[in-house]
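For reference, the chains in residue letters:
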Amino acid sequence: MAASSAAASAAPTDAGAGACNIAAVLPRMAAAAPERIALRCPGRHRNLHGFARYDLALTYAELDRRSDAIAAGLARCGIVRGMRTVVMVRPGPEFFLVMFALFKAGVVPVLVDPGIDKRALRQCLAEAEPHAFIGIPLAQTARVLLRWATSATIQITVGARLPWGGPTLAQVEAAGVGAASQLVATMPDEVAAILFTSGSTGVPKGVVYRHRHFVAQVDMLRDAFGMAAGGVDLPTFPPFALFDPALGLTGVIPDMDPTRPAKADPRRLHDAIARFGATQLFGSPALLKVLAAHGAPLPTIRTVTSAGAPVPAATVARMRELLPADAQVWTPYGATECLPVAAIESRELAATRAMTERGFGTCIGRPVAGNSVRLIQVTDAAIAGWDEAVEVADGEVGEITVAGPTATDAYFNRPEATALAKIAERTAAGTRIVHRMGDLAWRDGEGRLWFCGRKAHRVESGTGPLYTDQVEPIFDLHPEVRRTALVGVGRRGAQRPVLCVELEAGVDAARHWRRIEAELLELGGSHLRSAPVRTLLRHPRFPVDIRHNAKIGREALAAWAAKRLPRPA
Ligand SMILES: Nc1ncnc2c1ncn2[C@@H]1O[C@H](COP(=O)(O)OP(=O)(O)OP(=O)(O)O)[C@@H](O)[C@H]1O
C-alpha cells in the first residue's frame, strides 16, 4: 500500500458536477451540517444495563471525507468506475463507508442477501461476474473454500488481514487519506448496483439498478412517507439504512441480527429508540410483529414503514395502539425490482380488513405519485411489446405492471428472466420499459389496488382460478389456526386446490384436528372464493423465507401436498 501522502493528490475523476448519484448528498450535507450524525452503530461494548453502547458513529463530515479516502484507495488497488464489486460486510460503519465510496466512484456494488441458501449464493456470485470482492474475514474465507466469485481478482478484507484476502480496508483508506472529492459525474442510465432479490420464487435474480433508480427512490420515499431531513430513523432492514444518509436523516442501526428479524430482542430496540429519540422506524413485517407482541409504547415514533412483504392486519392494529395518536403506519407495496409501487396508511387499511376477511384480497393502496400502474391479463408467457398486453377492466384480477422512475429494466445475465418480466412500450417520448411484478391484483372504483397473491402461486382448477391472498385470509380467521397456504395439486387447468394448515402453538392436533378441519370447511364454504377448497392438510411448520420469515414456501408445500394425496384414477 502506498503512503497516504501520495494519495492526497489523487485527483477526483471529474468532481462529480451534475452527478446523478445518491452519494452527491454527502458533500452537501457535510457542508451544511457537518457534525450531524449520519449513522450510529451498536459496536461491541455494552453499558451497565447490558445494552449496546452505540459508540460507533459517523458524522456527515466523516462519512463524506472517509468515503472519499476509501474511493481513492480503492482506485489505487485497481477498483474503478464500472467494475462490479461484491460487498459482504456486516451493517456497521465500514459497510456504509464502502457503499458510499463505491457509489461516489461509480463502482458497481453487488449485494446478495447473506441469509439465502449457500448454493444459491454461490450461483448468484458467479452470475454477477464480479471483478473485485470486499468482505469480512469470514466471507473471504468462504470465498476461497467454497470457490465463490472466482472471477474476482481483487480482494479487500474488512477487518483482520488474511493471507489470501488482499489489503485491509484500513490500509485502503490510509492510502487515500486527504483525497479530494471522488464523486464522479455518473450518468442517470449508468449501472449503480446489482441487488439480488431474496428469491422466494426460485434462485435470486440480480436486479440491475441504475443511478436514476436510486435517486428517484430517495425522492419517492421522501415525498410519499414524509421522511424529512433531520429525523432519526431505526432501519431494521439493512439495505434501507443506505437511504438514511441520502435523505439527510440520522440512521441508528439496531443491535440485532438483520438476517433473523423474528429473533430480535425488543428490549434492545426500545433502548435504541428511546436513547436516540427515533422518529421513524423502517422494519420488515417480522420485526414489527416482535415489537407489537412486546407491547411497550413507542412515544417518539411518528412514522412506521414496513418493507418487502405483507404485514398482518393484527400487527398493524397493535402497532397503532403503541404509537402516538397522530403517528402513521405505512405498508408500502413493492419489490427489489421496483420500489415503492403503492402504499396504504394504517387507518385506511383498518377500514379494508373486513373485505380481506371476506376474500377480496389485501388492499395495498394507491400507486405512489410518479408510477403508472396497469393491470394486464394473466399469462406466464413473455410479452415483448406493450401492444401485445391486454389490460383488464376495473374489478378484474390481472398482473400488476409498473412504468415509473424506479422500475428497473433488466436482470443481470438473465435474458430469459428479463424477457419474462419486462415489456417495451413506445411512448411519445421514446421507448420505456414496463416491469411486470409477477403479482396479481384488482383495482377498485377509488383507484386502490387489492393484492391477490403471486402469479406463480395461483391455482387453476377446473372451475376457474383461485388466488392465495383471497382464499387464505378467510381460513386464517379460525382462532386455532396460525396460518394457511393454498397450493394446487395436478395439472394447470385441472388443479385440485389444497389448503395446508399450520395450527397455533399449543393446539393438540391429535385431539382437535378433525373438529378444526370440519370448522374450516364450514368457514370456507360460506364464501364464494374459498368454497371450492375442500381438501385440507395439516402441516407441522411451514417453510418460510429467511429474510422476512413470512413468505411461505408454497412450491415446497405443493410438492409435499402432492405426495400426501391419492393419485386420481
Ligand atoms: N405490502 C405488500 N403486500 C403484499 N405483498 C407484498 C407487499 N410488499 C411486497 N410484497 C411481496 O413481496 C414481493 C417482493 O419481494 P422481494 O423483492 O424481496 O422478492 P422475493 O419475493 O423475495 O424474491 P423473488 O422475486 O426472487 O421470488 C412482491 O412481489 C410481493 O409479492
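Residue numbers restart at each chain and count upward from 1, following the sequence in its written direction. pLDDT decides what is reported in this predicted model: residues at 70 or higher carry local features, side-chain atom pairs at 80 or more are listed and counted, and totals for whole chains, interfaces and linings draw on all residues regardless. Remark: hydrogens and water are excluded; side-chain values derive from all non-hydrogen atoms of the structure.

Thoughts on the packing of helix α11 (residues 266-276) against helix α12 (residues 285-294)
Just so we agree on the cut-off: Axes, fitted as lines to C-alpha atoms, cover a helix only where it is in contact. Angles between the N-to-C directions of the axes lie from 0 to 180 degrees. Each helix is a run of DSSP H or I of at least 4 residues and each strand a run of E of at least 2, with the numbering of both proceeding from the N terminus. For this classification, under 35 degrees means roughly parallel, over 145 means roughly antiparallel, 65 to 115 means roughly perpendicular, and everything else is oblique. In this description, contact between two residues means that some pair of their heavy atoms is separated by no more than 4.5 Å. Classification convention: Asp, Glu, Lys, Arg as charged; Ala, Val, Leu, Ile, Met, Phe, Trp, Tyr, Cys, Pro as nonpolar; all other residues, Gly among them, as polar.
Closest axis-to-axis distance for the α11/α12 pair is 10 Å, and the angle between their directions is 90°. Compared by their axis directions, α11 and α12 come out roughly perpendicular. Touching Pro-266, Arg-267, Leu-269 and His-270 of α11 are Leu-287, Val-290, Leu-291 and His-294, all from α12. For the contact of α11 with α12, the per-class residue count stands at five nonpolar, two polar and one charged.

With respect to the site of the ligand
The test is simple: Near is defined per residue: the residue qualifies when any heavy atom it owns lies within 4 Å of the molecule or strand. Polar contacts here mean pairs of N or O atoms no more than 3.5 Å apart (in protein, one a potential hydrogen donor and the other a potential acceptor; neighbouring residues in sequence count only if both atoms are side-chain atoms). For the area figures, the Shrake-Rupley method with a 1.4 Å probe applies, and any residue is considered shielded solely by the protein chains shown. Segmentation into domains, and thus their bounds, comes from an automatic or database assignment.
Around the ligand, a shell composed of 21 residues is seen, among which Ser-198, Ser-200, Thr-201, Asp-439 and Arg-454 lie nearest. Here an oxygen atom of the ligand and a side-chain polar atom of Asp-439 are 2.6 Å apart. Protein coverage of the free-state accessible area of the ligand, which is 630 Å², stands at 96%. Contributing elements (two or more residues each) for the shell around the ligand: β13 (328-335) and β20 (449-454). At four residues, β13 tops the list of elements feeding residues into the shell around the ligand. Grouping the constituent residues of the shell around the ligand by class yields seven nonpolar, nine polar and five charged. A domain split of the shell around the ligand shows at least three residues from each of domain 1 (20-26 + 41-210) and domain 2 (459-564).

Thoughts on the UniProt feature "domain: AMP-dependent synthetase/ligase" (unreviewed entry) in the protein
For the record, the criterion: UniProt positions are given in the numbering used here, feature names are shortened, and annotations may be inferred rather than shown by experiment.
Sequence positions flagged by UniProt for "domain: AMP-dependent synthetase/ligase" (unreviewed entry) are, in local numbering, residues 31-412. With 32% helix and 22% strand, residues 31-412 has end C-alpha atoms that lie 37 Å from one another.

Structural notes on the sheet that holds strand β25 (residues 535-538)
Test applied: Pairing between strands is defined by DSSP: at least two bridges between them are needed.
Reading across from one edge, β23-β24-β25 is the order of the three strands in this open sheet, with mixed pairing throughout. Pairing within the sheet leaves two strands with one partner each, and these edge strands are β23 (481-489) and β25. The mean angle between the axes of side-by-side strands here comes to 30°, regardless of whether they run parallel or antiparallel. Relative to β25, strand β24 (residues 496-503) runs parallel, the two sharing four bridges. Of the residues in β25, the one forming a bridge with Leu-499 is Leu-536. Where helix α17 (residues 509-525) meets the sheet, it contacts β23, β24 and β25, and its direction lies at approximately 155° from that of β25. Running at roughly 75° to β23, helix α18 (residues 554-564) makes contact with β23, β24 and β25 of the sheet.

Thoughts on the packing of α12 against helix α13 (residues 313-322)
For any two helices packed against each other, the geometry comes down to the angle between their axes and how far apart the axes lie. Cut-off, in case you're wondering: With the far helix as reference, a near helix turned anticlockwise by less than a right angle produces a left-handed crossing, and one turned clockwise produces a right-handed crossing.
It is the contact of α12 with α13, at a shortest axis distance of 9 Å, that shows an interaxial angle of 55°. The angle between the axes of α12 and α13 places the two elements in the oblique class. In this structure, the crossing between α12 and α13 has a hand that is left-handed. Contacts between α12 and α13 involve Leu-288, Lys-289, Leu-291 and Ala-292 from the first element and Thr-315, Arg-318, Met-319 and Leu-322 from the second.

What to know about helix α5 (residues 118-127)
For clarity, the threshold we go by: A simple rule labels every residue: compare its accessible area, found with a 1.4 Å probe on the protein chains alone, to the largest value its type can have, and call it buried under 20%, exposed over 50%, or partly exposed in between. The arc under discussion is defined with respect to the helix axis, by the directions toward the C-beta atoms.
All of the buried residues in α5 are Ala-120, Leu-121, Cys-124, Leu-125 and Glu-127. Within α5, the buried residues cover an arc of 165° as seen down the axis, which keeps them to one side. Residues of α5 that are buried sit in contact with β3 (84-88) and β7 (191-196). A side-chain oxygen of the first residue of α5 lies 3.2 Å from the backbone nitrogen of Arg-119; this N-cap is Asp-117. A positive phi of about 45° marks Glu-129, the residue just after α5.

Focus: empty space enclosed by the protein
Worth spelling out the cut-off: Here a cavity is any set of points on a 1 Å grid over the protein atoms alone where a 1.4 Å probe fits but cannot get out, and a pocket is any open set with protein on both sides within 12 Å along at least 5 of 7 lines; a residue lines the site when it has an atom within 4 Å of a point. Grid points are joined across faces, edges and corners, and a volume is the space filled by probe spheres set on the points.
Inspection of the entire model under this criterion finds two cavities of 30 Å³ or more. A volume near 70 Å³ is recorded for the largest cavity. What lines the largest cavity is a set of 13 residues, and nearest its centre among them are Phe-282, Ser-306, Ala-307, Pro-332 and Leu-339. Contributing elements (two or more residues each) for the lining of the largest cavity: α8 (211-225), β12 (303-306), β13 and β14 (338-345). Top contributing element to the lining of the largest cavity by residue count: β13, with three residues. Grouping the constituent residues of the lining of the largest cavity by class yields nine nonpolar, four polar and no charged. If you go around the second largest cavity, the residues you meet are Leu-221, Met-227, Asp-233, Phe-240, Phe-243, Asp-244, Leu-247, Leu-249, Gln-280 and Phe-282. Counted by class, the lining of the second largest cavity contains seven nonpolar, one polar and two charged residues.

Topic: the pairing of strand β16 (residues 372-376)
When you tally the buried positions in β16, you get four out of five residues, the bulk of the element. Pairing of β16 with strand β17 (residues 398-403), which is carried by five bridges, proceeds in the antiparallel orientation. Bridge pairing in β17 places Val-373 opposite Val-402.

Structural notes on the packing of aromatic side chains
Note the cut-off: Centres within 6.5 Å make a pair out of two Phe, Tyr or Trp rings, where for Trp the six-membered ring is used; the pair is then stacked when the planes are under 30 degrees apart, edge-to-face when over 60, and tilted otherwise.
Enumeration over the complete set of coordinates arrives at 12 aromatic pairs. Ring geometry for Phe-95 versus Phe-96: centroids 5.2 Å apart, planes at 80°, classification edge-to-face. Residue class for Phe-95 comes out buried when judged on its relative accessible area of 6%. Between Tyr-333 and Phe-451 the ring centres are 6.0 Å apart and the planes differ by 50°, which places this aromatic pair in the tilted class.

Let's talk about unusual backbone geometry
Going from Leu-339 to Pro-340, the amide bond is cis rather than trans, its omega being -10°. Within the secondary structure layout, Pro-340 lies in strand β14. Despite not being glycine, Arg-147 has its phi angle at roughly 55°, a positive value. Within the element layout of this structure, Arg-147 appears in the loop between α6 (137-145) and β6 (154-157).

Some words on the confidence of the model for the protein
Close inspection of predicted coordinates is inappropriate in any region flagged by low pLDDT. Note the cut-off: Predictor confidence is given residue by residue as pLDDT, running from a minimum of 0 to a maximum of 100.
Counting all residues, the mean pLDDT for the protein is 93, and 96% of those residues have values of 70 or more. Segment residues 1-14 is flagged for pLDDT under 50; beyond a separation of four residues in sequence, or across chains, it makes 34 contacts in the model.

Here's the deal with the domain arrangement of the protein
Each domain of the protein was delimited in the assignment, giving domain 1 (20-26 + 41-210) and domain 2 (459-564). Taken over C-alpha atoms, the centre of domain 1 sits 41 Å from the centre of domain 2.

Remarks on the pairing of strand β15 (residues 362-367)
Examined bridge by bridge, β14 and β15 share two bridges and lie antiparallel to one another. Paired with Ala-342 across the strands is Pro-367, a residue of β15. Sheet topology places β15 next to β20; three bridges connect them, and they run antiparallel. When the bridges of β20 are listed, Thr-362 appears paired with Phe-451.

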